[in-house]
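This is what each chain is made of:
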Amino acid sequence: MPVFVFHHGSDSARRIAERSAAIDCAAILTGQNPEHISNLKVAWRASPCLKEKNTPVILVAVGSVVAEGCVRTVTAITLRTVIQNVILDWSGTLVDDLSAVWHATNQVLRRAGRPPMSLETFRSEFCLPFARFYDRHVPGVPLRQLEAWFHEAFAEVQHPVEALPHARGFLEFCQRHGLRTFVLSTVKREYFERQSVQTGLAPLLGPAYLEAWDKREWIGRLLSEQDLNPPETIFVGDMQHDVETAQHGGIGSCAVLTGYNTLDQLRMAGPDLIVEHLGELQYWLESEHWSWPPAVEKSKNQSPVVTVGALILNDRNEVLLVRTAKWSHRWGIPGGKVRTGEPSEAALRRELHEETGLEVTDVQLVEVRDWINPPEFYRPVHFVLFTYLCRVRGAPDVRINHESCAWRWVPLADALSVELNEPTRRLVERVLGSASARLPTAPAES
Ligand SMILES: [Mg+2]
C-alpha cells in the first residue's frame, strides 16, 4: 500500500517526509499552504500513483492537516503521529555519574552525623526532587547547607563521569534523522558543561535546561519555549521523577535501566516504555517507524528467543553470579542470545567471555527450558533457555562488561540463600539436587 506524506514546507513536515521517504513512502505530495486544501487536491491528482481510481493509500500528515477534499478518491486514510522531539535526562541516561553522586552523598550523610549508605540502599532510597530524599534522611539540616556539603564533596570525588554505552550512538541517530534533542536535568550547570565536553557529547546536544530541581515545574516551559507538540515529544530518563515529569507535560515517557532507579521503581511510575539502554530505544523508534508508544508486545520480532547461560564453578566450588538491571537487580548467571548460524555451545563460550572475560572448560548441558514472560525481566519475552554447568581453572580474572553492575563468587551450597532470578534459582536447585556425579571435577588440592 503506498504511503503519502503531505509535505507543507514546515520543518517538522519536512523531517517526517524525509524519514518516511527512507522507509516505505511511494510519493511525497507537496503544497505551499496546508490550509488550502485545493493545493493538496492539485498535488493529489497529479500523483502518477493515483491515476487508478480507488487506490488504497495511507496519508501521513502532520498534526491536524487532514485532506478532507481528497477522501473521495481514496479508500483508507490513517493519520499517524510520529516522534519529532526527544528530551533527555542527563545523569543515568546519557552519562554514568552514579558512583560519584553516591560517594558525595555519603560525605553529606557523614557530615550530618548519619551512617553512609551501601550503593544498593542509595539506589533504592534516592529520589527527586532531592529535597524529599534529604528530608527523610537528614531532617532539620537546611537544604542550602546540604548542597554546599554535597558540591564540596563532589568536587573532591575523582570518580570519572563517562558517557553511557549507546548514548553517543543514540544522539547521532537523532541528528541523522532530524529529531530535535533537549536536555532536562537537575545537574549543576558547571558540572554539565565540564562533563558534556569530557564525554565528547557536547556537539551532539540540543538546548539544555539545567538545575531543574523539580522537572515537573520546568516541562511546560520547555515545551512552550521550544514550540514542541506534546504528541510528537518524549522524555527519556532513569528515575520515577522523569516518568512523572513526562506524564505531567502530557508527553510520551521512556524509562532507561542505565541509571539510579530499579526496574520495580520504574514500573511503579508507569512509563510508556522501559528499555535496557538508549540503543534499544533507537531500535524501537526505527522499527516502529517513529510511532509512539511502540507496540513492543505485538512486535513481529517477538518470536521466542534462544538463549544460553551457565553456572561457572571455580576450583573452590564457588559459582559466579552477576547482577543486572534488566533482571530487577537480582543475581543470576551470565549468558545471552544465540546468533543465527551459531551452535549453542559456541554462543555460550562467546557470551561468557564477553560478559565475564572468562574462558571456561568442562561444559555440560543441564537442561533446556521455556521461560515465558518472566516477571523479573524488564519486558515480556519468551526465552528458550539452554543452561549449562562449566568450570574455570586457576585464579580467574573476572572482568564484567556494561551489562552487569556487580559480580561475586558464592559457595555453590550457599547460592540458594542469595536473591537469585528464577531461571538461576531453578538451575542451582537442579545442580544441587542432581548428585555430585554431575559436577565437573574440581582439581585435587595441591
Ligand atoms: Mg537521571
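Rules of the game
Residues numbered from 1 in each chain as written. Predicted model: local features only at pLDDT ≥ 70, side-chain atom pairs only at ≥ 80, totals over all residues. Helix = DSSP H or I, 4+ residues; strand = E, 2+ residues; numbered from the N terminus. Buried ≥ 20, exposed ≤ 12 C-beta atoms within 10 Å, placed from the backbone. Pairing = 2+ DSSP bridges. Right-handed = clockwise from strand over helix to strand, strands pointing away. Axes fitted to C-alpha atoms, helices over the stretch in contact; angles between N-to-C directions. Parallel < 35°, antiparallel > 145°, perpendicular 65-115°, else oblique. Left-handed = near helix turned anticlockwise from the far one by under 90°. Contact = placed C-beta atoms within 7 Å. Nonpolar A, V, L, I, M, F, W, Y, C, P; charged D, E, K, R; others polar. Core = buried A, V, L, I, M, F, W, Y, C linked by C-beta atoms within 7 Å. Domains from an automatic or database assignment. pLDDT = per-residue confidence, 0-100. Expected span 1.5 Å × (residues − 1).

Q: For this particular structure, what's the right way to read the overall build of the protein chain?
A: On a plain count of helices and strands, the protein chain comes out with 14 helices and 18 strands. Within the protein chain, buried positions represent 37% of all 446 residues.

Q: Even after reading the chapter, I still don't get the pairing of strand 10 (residues 252-256), so can you show me in this structure?
A: On a regular strand, one side chain projects to one face of the sheet and the next to the other, so that they alternate. For strand 10, the buried fraction is high: five of the five residues fall into the buried class. Burial of the side chains of strand 10 extends over both faces: Gly252, Cys254 and Val256 are buried on one face and Ser253 and Ala255 on the other. The pairing of strand 9 (residues 233-237) with strand 10 spans four bridges and is parallel. The residue bridging Gly237 from the neighbouring strand is Ala255, located in strand 10. One crossover worth recording links strand 9 to the parallel strand 10 by way of helix 10 (residues 240-249), and it is right-handed. Looking at chain direction, strand 10 and strand 11 (residues 273-275) are connected through three bridges and run parallel. Paired with Val256 across the two strands is Val275, which belongs to strand 11. For the crossover that starts at strand 10, traverses helix 11 (residues 263-269) and ends in the parallel strand 11, the hand is right-handed.

Q: Can you help me understand the packing of helix 3 (residues 98-111) against helix 6 (residues 143-156) in this one?
A: Helices that pack against each other are described as a pair by the angle of their axes relative to one another and the distance between those axes. Where helix 3 contacts helix 6, the axes come no closer than 8 Å and their chain directions differ by 130°. In terms of orientation, helix 3 lies oblique with respect to helix 6. Between helix 3 and helix 6 lies a crossing of right-handed hand. Where helix 3 abuts helix 6, its residues Ala100, Ala104, Thr105, Gln107, Val108 and Arg111 lie against Leu146, Trp149, Phe150, Ala153 and Phe154. Each residue belonging to the contact of helix 3 with helix 6 can be placed in one class, and the counts come to eight nonpolar, two polar and one charged.

Q: Just checking my understanding: could you explain the sheet that holds strand 4 (residues 85-88) for this structure?
A: Each strand in a sheet pairs with its neighbour through backbone hydrogen bonds, running either in the same direction (parallel) or in the opposite one (antiparallel). Reading across the sheet, the six strands line up as 8-7-4-9-10-11 and stay open at both edges, with parallel pairing between neighbours. What marks the edges here is a single partner per strand, and that holds for strand 8 (208-209) and strand 11. Lying over the sheet, helix 12 (residues 278-287) contacts strand 9, strand 10 and strand 11, oriented at roughly 130° with respect to strand 11.

Q: Just to check I follow, could you spell out the nonpolar core for this structure?
A: Side chains that are nonpolar tend, in soluble globular proteins, to be buried together. Judged by nonpolar contacts, the single largest core of 60 residues is most densely connected at Ile83, Val86, Ile234 and Val236. With six residues, the single largest contributor to this core is helix 3. The residue makeup of this core includes at least three contributed by each of domain 2 (85-92 + 161-287) and domain 3 (98-156). With near-sequence residues (within four places) excluded, Ile234 lies in contact with Ile83, Val86, Ile251, Gly252, Ser253, Cys254 and Trp292. Core analysis: the second largest hydrophobic core is formed by 27 residues, Val319, Leu321, Val360 and Leu385 among them.

Q: I'm lost on unusual backbone geometry in this one. Help?
A: One can expect most non-glycine residues to show negative phi and most peptide bonds to be in trans. Cis geometry marks the peptide bond from Leu128 to Pro129, where omega comes out at -10°. Residue Pro293 is reached from Trp292 by a cis peptide bond, and omega for that bond is -5°. Position of Pro293 relative to the elements: it lies in the loop between helix 12 and strand 12 (305-313). Located in the positive-phi region is Ser328, a residue other than glycine, with phi close to 55°. Structurally, Ser328 can be placed in the loop between strand 13 (318-323) and strand 14 (331-332). Ser328 sits in the buried class, given 20 other C-beta atoms within 10 Å.

Q: What am I meant to see in the environment of Leu432 here?
A: By secondary structure assignment, the location of Leu432 is in helix 14 (residues 422-433). Sequence separation between Leu432 and Leu412 is 20 residues; the distance between their C-alpha atoms is 7.9 Å.

Q: Teacher, can you tell me more about the environment of Thr258 here?
A: Within the element layout of this structure, Thr258 appears in the loop between strand 10 and helix 11. Under the C-beta neighbour-count criterion, Thr258 is labelled buried, with 23 such atoms within 10 Å. Setting aside residues no more than four positions away along its own chain, Thr258 makes contact with Gly92, Thr93, Leu164, Asp238 and His277.

Q: Is there a simple way to think about the confidence of the model for the protein chain in this case?
A: Do not read the fine detail of predicted coordinates wherever pLDDT is low. Across the protein chain, pLDDT averages 83, with 78% of residues at or above 70. Below a pLDDT of 50 lies the segment residues 20-46, which in the model reaches 51 contacts outside its immediate sequence neighbourhood of four places, other chains included. Across residues 48-79, where pLDDT falls below 50, the model places 56 contacts with residues more than four positions away in sequence or in other chains.

Q: What's the story with helix 3 in this structure? I'm lost.
A: Since there are 3.6 residues in each turn of an α-helix, residues three or four apart along the chain are aligned in direction. The terminal C-alpha atoms of helix 3, which comprises 14 residues, lie 20 Å apart, in line with the 20 Å expected from a rise of 1.5 Å per residue. Of the positions making up helix 3, those classed as buried are Leu98, Ala100, Val101, Trp102, Ala104, Thr105 and Val108. Those residues of helix 3 that are buried are in contact with strand 5 (95-96), helix 4 (119-125) and helix 6. With its phi angle positive at about 80°, Gly113 sits one or two positions after the end of helix 3.

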